[in-house]
Amino acid sequence: MHELAIAQSIVEQVEEVARSQGLAKISTIRLRIGALRAVVPEALEFGFEVLSQDTPLAGARIVIEEIPIRITCHECGAISSPEPGLAWLCPACGSAVVEMTSGKELQLDSLEVED
Amino acid sequence: MEIRVVENLLKANEAVAAQTLERLAKHGVRAINMIGSAGSGKTALLEATLPRLRESLGVAVIEGDLQTTRDAERIDRIGVPVVQVTTGKSCHLPPQLVLRALDGLDLDAIDLLFIENVGNLICPSEIPVGEHHKVAVLSTPEGDDKVLKYPMLFHLADAVVINKIDLLPHVTCDVGRIRSDLEQVGSRAQIFEVSARTGEGLDGYIGWLLGLVG
């Protein structure tokens, strides 16, 4: 269900950008979404399709770049990506004192406009 | 032609949440976003703690649900100011509704405001409502695998309340696993094992809540 809320934000924010920059026809919307956000791409695309009907964004394609969770170890400085559902432990030294440095993104990255 | 934008998709929500925080700050109110599954005991926990908190603090509740005013009625019955927000179809409390709900409360009389989110572990942890602290409520019948399944909430939570501890003999739930999983999702949360029904373990949680108010 949260994909629908995210799709609504996409429609509102892209329409705003299109208005302010005078963009006519947007063909592609590129997003960066962190793995921790648990976004199902199909659900997001479907939500966008429904919500963008009757707007200038109808028919635009959604392209999602999934950003993996990355953790930085406070003990040894190693950067690693834990598999989803697995413990956040440093694979280099085994420490659990780690900080998440990516994986929470929920970003509108760029738009492609038909020339 | 490609146009770079780079905007946070939650920026509209975050802007409204910031307005709520600003308004709360003017009246010296600290707000807690309570997040947990449907049936984990969020309302029961409020019923068990509010009468004791009220002895030394001004408390109030914003209740979020898809439908019905049942939870608000439960809080009203113990004599604590409450505003019910029904979200209709939304699986989380939108910050706009929380901001509006503040109009129904006497903020000057409140030190600690509890915002009980819609029962769900995903969306409420993503959408800020204008809170200072997040409290995650888990219950033992849900099992011990929720932390790794929903790491976002448990990574962000300032406190994790493991409720229904009195049911441990009857359910399959290893509290030790919950604790070690919390460490492994980088949690810095205070952990409280409680039973809202019997009152076991509530002293520690109440002490933590009291400590939030300067």
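None of these values were measured; they are calculated from a predicted model.

Definitions and limits used
Residues numbered from 1 in each chain as written. Chains lettered and ligands numbered in written order. Predicted model: local features only at pLDDT ≥ 70, side-chain atom pairs only at ≥ 80, totals over all residues. Heavy atoms only, no water. Pairing = 2+ DSSP bridges. Helix = DSSP H or I, 4+ residues; strand = E, 2+ residues; numbered from the N terminus. Right-handed = clockwise from strand over helix to strand, strands pointing away. Buried < 20%, exposed > 50% of the residue type's maximum accessible area, 1.4 Å probe, protein only. Contact = heavy atoms within 4.5 Å. Axes fitted to C-alpha atoms, helices over the stretch in contact; angles between N-to-C directions. Salt bridge = Lys/Arg side-chain N within 4 Å of Asp/Glu carboxyl O. Buried area = accessible area lost by both parts, 1.4 Å probe. Polar contact = N/O pair within 3.5 Å; in protein donor to acceptor, adjacent residues only side chain to side chain.

(A) Here's a closer look at the pairing of strand β1 (residues 26–34) of chain A. Residues and elements named next belong to chain A. Across seven bridges, the pairing between β1 and strand β6 (residues 106–113) is antiparallel. Bridge assignment links I33 to a residue of β6, and that residue is L106. With seven bridges connecting them, β1 and strand β2 (residues 61–67) associate as parallel partners. The partner of R32 across the bridge, within β2, is E65. In this fold, β1 hands off to helix α2 (residues 41–52), which returns the chain to β2; that crossover is right-handed.

(B) Quick look at the side chain of T43 of chain B. All names here are of chain B. Summarising the element assignment, T43 is placed in helix α2 (residues 42–53). The exposure class assigned to T43 is buried, which follows from its relative accessible area of 5%. Filtering out sequence-adjacent residues up to four positions away, T43 remains in contact with E63, D71, R74, I75 and E116.

(C) Local environment of the sheet that holds β2 of chain A. Sheet architecture is open: four strands sit in the order β2(A)-β1(A)-β6(A)-β1(B), paired in mixed fashion. A single partner strand is all that each edge strand has here, and the edge strands are β2 of chain A together with β1 (2–8) of chain B. If you compare each strand with its neighbour and ignore which way they point, the axes differ by 20° on average. Examined bridge by bridge, β6 of chain A and β1 of chain B share five bridges and lie antiparallel to one another. Opposite S110 of chain A, over in β1 of chain B, you have R4 of chain B as the bridge partner. Packing against the sheet, α2 of chain A makes contact with β1 and β2 of chain A, and its axis sits at approximately 150° to β2 of chain A.

(D) Just the pattern of salt bridges, in detail. Tallied over the entire structure, the rule returns 17 salt bridges over all chains. With a shortest N-O distance of 3.8 Å, E65 of chain A and R32 of chain A are connected by a salt bridge. Of this pair, E65 of chain A sits in strand β2 while R32 of chain A sits in strand β1, placing them 33 residues apart in sequence. Looking at E65 of chain A, the relative accessible area reads 42%, which means it is partly exposed. Looking at R32 of chain A, the relative accessible area reads 24%, which means it is partly exposed. Notably, a salt bridge pairs R52 of chain B with D203 of chain B, separated by 2.7 Å at the nearest N-O pair. Of this pair, R52 of chain B sits in helix α2 while D203 of chain B sits in helix α9 (residues 202–212); the two residues are 151 residues apart in sequence, bridging distant segments of the chain. Assessed through its relative accessible area of 53%, D203 of chain B is described here as exposed.

(E) Region of the structure containing the sheet that holds strand β5 (residues 98–102) of chain A. Residue and element names in this part refer to chain A. Strands sit in the order β4-β3-β5 across an open sheet of three strands; the sheet is antiparallel. The sheet is open, and its two borders are formed by β4 (79–80) and β5, each paired with just one other strand. Two strands pair when backbone bridges link them, and strand β3 (residues 70–73) and β4 are joined in this way by two bridges, in the antiparallel orientation. In the strand pairing of β4, T72 is matched with I79.

(F) Region of interest: the interface of chain B and chain A. At the junction of the two partners, chain B supplies 26 residues and chain A supplies 31 residues. Summing both partners gives a buried area of about 2,800 Å² for chain B against chain A, and 60% of it is carried by carbon and sulfur. The tally of links between chain B and chain A comes to two salt bridges. For R4 of chain B, the salt bridge is made with D109 of chain A, and the minimal N-O distance between the two is 2.8 Å. Across the chain B-chain A interface, the total number found is twelve residue pairs in polar contact (both at pLDDT 80 or more). At the level of secondary structure, the elements contributing two or more residues to the side of chain B that touches chain A comprise β1, α5 (123–126), α7 (151–156) and α8 (175–184) of chain B. Looking at which element gives the most residues to the side of chain B that touches chain A, the answer is β1 of chain B, with seven residues.

Keep in mind these values describe shape, not function.
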